[in-house]
Amino acid sequence: MKSVYLICLAMLLLMLLPAFGQPTVDKNCISSEPINMGQIGKEKYSFNQNGSLSPGVSEWLTFEMVDAGKFFVMVEESKQSDSSDSYDYYYSSSSPDFGLVVYDNSMNILSLSNDGFMMLDLQPGTYYMRLDAVPYEKFNYTLIANNNFEAEPNDGISEANDIGNITEPLLFGGSIDPKGDTDFIRVTLPDNQSGILRIDSTSDISMVLYGYNESKKYYMPQDTFGDNLVAFVEPGTYYVRINPYYSYYSSDDITNYTLNISLITATCEKEPNDKLSQSLDLGDLSDNATLSVDACLSGSSDYDYFSFAVPENMTVTARTITDGDTILYLYNEDKKRLGYSDDYEGSDASQISKKLKAGKYYLMVNAYSSEVIFYTISVRESEDDAEESGGEDYYYY
C-alpha cells in the first residue's frame, strides 16, 4: 500500500511541472468507486451531482462516450444557506479554487481546468474525471454536465431552441455568427415552480427576457439585462434573446458564449410592485394584528413597495425578517419619507418603529447588494412607549 501512495504522490508532483508529453496517473490513485456520470452520445444529455469536499480530498467520476461529441462540465460552490433566506452568487475571498482533470481509459491526462469549467470534444471510449479544490473548510458543490448546444435557425421566438423544464441547473452553449446574428432560447417553468430565474454568462452579451402578455395575446419584452439575467418568474413559458453587447469602448464581435441557467424556487410577492403606485396592499393594521407577506428581491436594482392602513394613532413597527442584507424605507401618504433602516442592531435585517397618525403608509424594501434575498415583511402595532428608530424626513420622487 505504501508503494501505491508513493506512485500517486509522484504523479501529482509531475502534474505541477511543465509537461511536453501527456502525463499519466495510475488507476490505483482512485481512492474510491468513481461516480458514474452515465453514457454521452448524440441524444440530449444532462447530469447533476451535488456533493461536498473537505481540504485534501478529491472526487472521482467516470463516463462513457458512445458517440464522438462535445459537452460542457462546470462546478461551482453551493452557497445557499440552511435557512434559505438568501442566495449569494458571488465568490468571497474564502471560496474554493476548483480543479478539473479529465483522463482517458489509460489514465493519460487529456484536459485540465483551474476555473471549474471546461468544454470537452471527445471520441468514443471510457473516461475519468477528478474534481478537487483548495478549500479553507468543508464546503458543498454542484457539478453540471450536459450537451445543450444551439441549433440554427434560432433567430426568433418561433425558432427558439427549447431548453425544456428548468428543474435543475443546466448549461447552454451557442455562438453569435455571422455578425448581426440573434439567438433565442425557450425555457419552461412547470406548475408550482415559481422563483428566481438566473442566467449567467462570462461572455460579453446582452439578454432580453420575454413573457406572455395576456391583454395583448403575444410575447413581449419584460426586461433587458447584460451578461447576468435575474428575474422573478411564475409557472409558464419564457423566451430569452441573446445578442452581443456593444459598448462605447469595444466594437469587437463575440463568437462563442455559455449560459449557466438555474431556478431558485421560492414564494415571492405578487409582481409588479416596483413603484409606489404599484405597491402591494397589506391591509389594515387593527389592534393586536400583524400584517406580513413573504417576498424576494432579485438584486439591488429590484424595489418592493407595500402599503398598509393605520386606523387610529398608534406606534407601528415594520421590519424585514431575513438573513439577507435589506434596506427599509417608510413613507406617508404625501410621499414624505418618515423612516429609514439599514442594519438594525448589528444584523443585516431592517426595522423601523414610529408613532403614526391614522392614514395610509408605504414601505419600500431594497437589497444592499446584487444577491437574491428572500424575506418576510412584517408590520405590527407596538407598545406606546416603544423606542422609535429609523427617523429621517425626505420626500419620494
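All figures in this text were calculated on a predicted structure; none of them were measured in a lab.

In total, this model carries 1 disulfide according to the counting rule given. In this model, Cys268 is linked to Cys296 through a disulfide, with the two sulfur atoms separated by 1.7 Å. Looking along the S-S bond of the Cys268-Cys296 disulfide, the torsion reads about 120 degrees, which is the right-handed sense. On the criterion of sequence distance, the pair formed by Cys268 in the loop between β19 (256-265) and β20 (280-284) and Cys296 in strand β21 (residues 290-297) is long-range, its members being 28 residues apart. Both residues of the pair, Cys268 and Cys296, belong to the buried class.

Turning to the pattern of salt bridges, a few remarks are in order. A full pass over the atoms with the stated rule returns 4 salt bridges. The closest approach of N and O atoms between Arg186 and Asp162, which form a salt bridge, is 3.6 Å. Taken as a pair, Arg186 in strand β13 (residues 183-189) and Asp162 in strand β11 (residues 161-165) lie far apart in primary sequence, 24 residues in all. Taking the relative accessible area as the measure of exposure, Asp162 reaches 45% and is therefore partly exposed.

Attention shifts here to a negative patch on the surface. A contiguous patch of negative charge, built from Glu152, Asp155, Glu159 and Asp177, is present on the exposed surface. Along the polypeptide, Asp155 turns up in the loop between β10 (139-146) and β11. Relative accessible area serves as the criterion here: at 39%, Asp155 is assigned to the partly exposed category.

On to unusual backbone geometry. In this structure, Pro153 follows Glu152 across a cis peptide bond, with omega equal to 0 degrees. One can find Pro153 in the loop between β10 and β11. With an omega dihedral of 5 degrees, the bond running from Asp177 to Pro178 counts as a cis peptide bond. Of note in the backbone geometry, Lys217 takes a positive phi value of approximately 65 degrees without being a glycine. Tracing the backbone shows Lys217 in the loop between β15 (205-213) and β16 (218-225). Within the chain, Lys335 stands out as a residue other than glycine whose phi angle is a positive 70 degrees. Along the polypeptide, Lys335 turns up in the loop between β24 (326-332) and β25 (336-341). Overall, Lys335 belongs to the partly exposed group, its relative accessible area being 38%.

Definitions and cut-offs
Residues numbered from 1 in each chain as written. Predicted model: local features only at pLDDT ≥ 70, side-chain atom pairs only at ≥ 80, totals over all residues. Heavy atoms only, no water. Disulfide = S-S within 2.5 Å. Helix = DSSP H or I, 4+ residues; strand = E, 2+ residues; numbered from the N terminus. Buried < 20%, exposed > 50% of the residue type's maximum accessible area, 1.4 Å probe, protein only. Salt bridge = Lys/Arg side-chain N within 4 Å of Asp/Glu carboxyl O. Patch = residues over 30% accessible without salt bridge, like charges linked within 9 Å, V, L, I, M, F, W, Y side chains within 5 Å. Areas by Shrake-Rupley, 256 points an atom, 1.4 Å probe, with all protein chains shown as cover. Lys, Arg positive; Asp, Glu negative; His and termini not counted. Charge placed at Lys NZ, Arg CZ, Asp CG, Glu CD.

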